[in-house]
Amino acid sequence: VSGKICDHQGSIDNVISDIKELLSSISKLKVVLVFGFGRQLDNYMINVHGIEPKKINGRRVTSPTDIEAAKKISGQILIDIFSLSSRYNIRNFPIPISKKDFIAAKRRDVVDDIDYGQVGDVVSVDALQIKNLFKEHDMIIMPSLVLDKNTSEVLNVNADTIATELAINLTASKLIFISDVAYIKDLEGKRISSVDENVAKKLFEENIISEGMVVKVENSLNALNKGIQKIHIISGEIKNALITELETEEGIGTVFQKNELEY
């Protein structure tokens, strides 16, 4: 779930109420909710420090000042989502920051003179630890912050990337990206309801996919190639978007799947 959705009470309520309905109707369903805080961090750094965020291909260059702000912001969002989920009587477990043996990450290497600062890449995920939490809880809530497996410094990891790695290692049936983007559009601005690898390649070639959507599509293809059956992109701003996407044939967003599709 993107920071933009977490920043709007109505939108995050849309998401959590839909999750509650799904948990009530689908037996043995378990959810991991990973949230970002990009919008909040952008605003904080501009308003408090007068610093414009620096991003490369949709990924933030993260300074120690960014990290200190991110710790405050993510803690507040975590409390808000935990409180809202509890109001819906969801058995949820909040994790302020992942333990090193829960999600192992390392600081991103400098490549082609690009230094992302305190940005991490996931090295491994202990799926067993997560599944143990699911014995007593139906939903785990966590921010996109992890500890460096070597130094224990706090690292910022793209929320979509963490969600993807968790989905792959948990062999989840679905991976869902919820932001303010309702779906992927074609050149005429119309919704593309289904995407496979060939369609995604054409979308890149035609520059239809850009900025923040690049990360989502890259992660979607990665998840698809590693066994996730379906990956969905929907907007949390639309009421009942999650229910509509998952429980109706026409859906409401864009789904990535292995089927060969025409474009």
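Before any of the text, the structure's been laid out above.
Below is a summary of the structure that appears in this document.

Conventions and cut-offs
- Residues numbered from 1 in each chain as written.
- Predicted model: local features only at pLDDT ≥ 70, side-chain atom pairs only at ≥ 80, totals over all residues.
- Heavy atoms only, no water.
- Axes fitted to C-alpha atoms, helices over the stretch in contact; angles between N-to-C directions.
- Helix = DSSP H or I, 4+ residues; strand = E, 2+ residues; numbered from the N terminus.
- Parallel < 35°, antiparallel > 145°, perpendicular 65-115°, else oblique.
- Left-handed = near helix turned anticlockwise from the far one by under 90°.
- Contact = heavy atoms within 4.5 Å.
- Nonpolar A, V, L, I, M, F, W, Y, C, P; charged D, E, K, R; others polar.
- Pairing = 2+ DSSP bridges.
- Buried < 20%, exposed > 50% of the residue type's maximum accessible area, 1.4 Å probe, protein only.

Remarks on the packing of helix α3 (residues 38-49) against helix α4 (residues 64-87)
Taken N-terminus to C-terminus, the directions of α3 and α4 make an angle of 125°; their axes are 10 Å apart at the nearest point. Between α3 and α4, the interaxial angle falls into the category oblique. By crossing handedness, the relation of α3 to α4 is classed as right-handed. Contacts from Gln 40, Leu 41, Tyr 44, Met 45 and His 49 in α3 reach Thr 65, Asp 66, Ala 69, Ala 70, Lys 72, Ile 73 and Ile 77 in α4. For the contact of α3 with α4, the class distribution of residues is seven nonpolar, three polar and two charged.

Thoughts on the sheet that holds strand β14 (residues 230-235)
Strands sit in the order β10-β14-β15-β13 across an open sheet of four strands; the sheet is mixed. Looking at which strands have only one partner, the edges of the open sheet turn out to be β10 (174-179) and β13 (194-195). Bridge count between β13 and strand β15 (residues 254-256): two bridges; the pairing is parallel. Bridge pairing in β15 places Ser 194 opposite Val 255.

Some points on the pairing of strand β7 (residues 139-143)
Of all the five residues making up β7, five are buried; the element is thus mostly covered by neighbouring parts of the structure. Alternating residues of β7 divide into Met 139, Ile 141 and Pro 143 and Ile 140 and Met 142, and every residue in both groups is buried. With five bridges joining them, strand β1 (residues 31-35) and β7 adopt parallel strand pairing. Its bridge partner lying in β7, Phe 35 is registered against Pro 143. Alignment of strand β4 (residues 92-94) against β7, held across three bridges, turns out to be parallel. Within β7, the position partnered with Asn 92 by the bridge is Met 139.

By themselves these figures say nothing about function.
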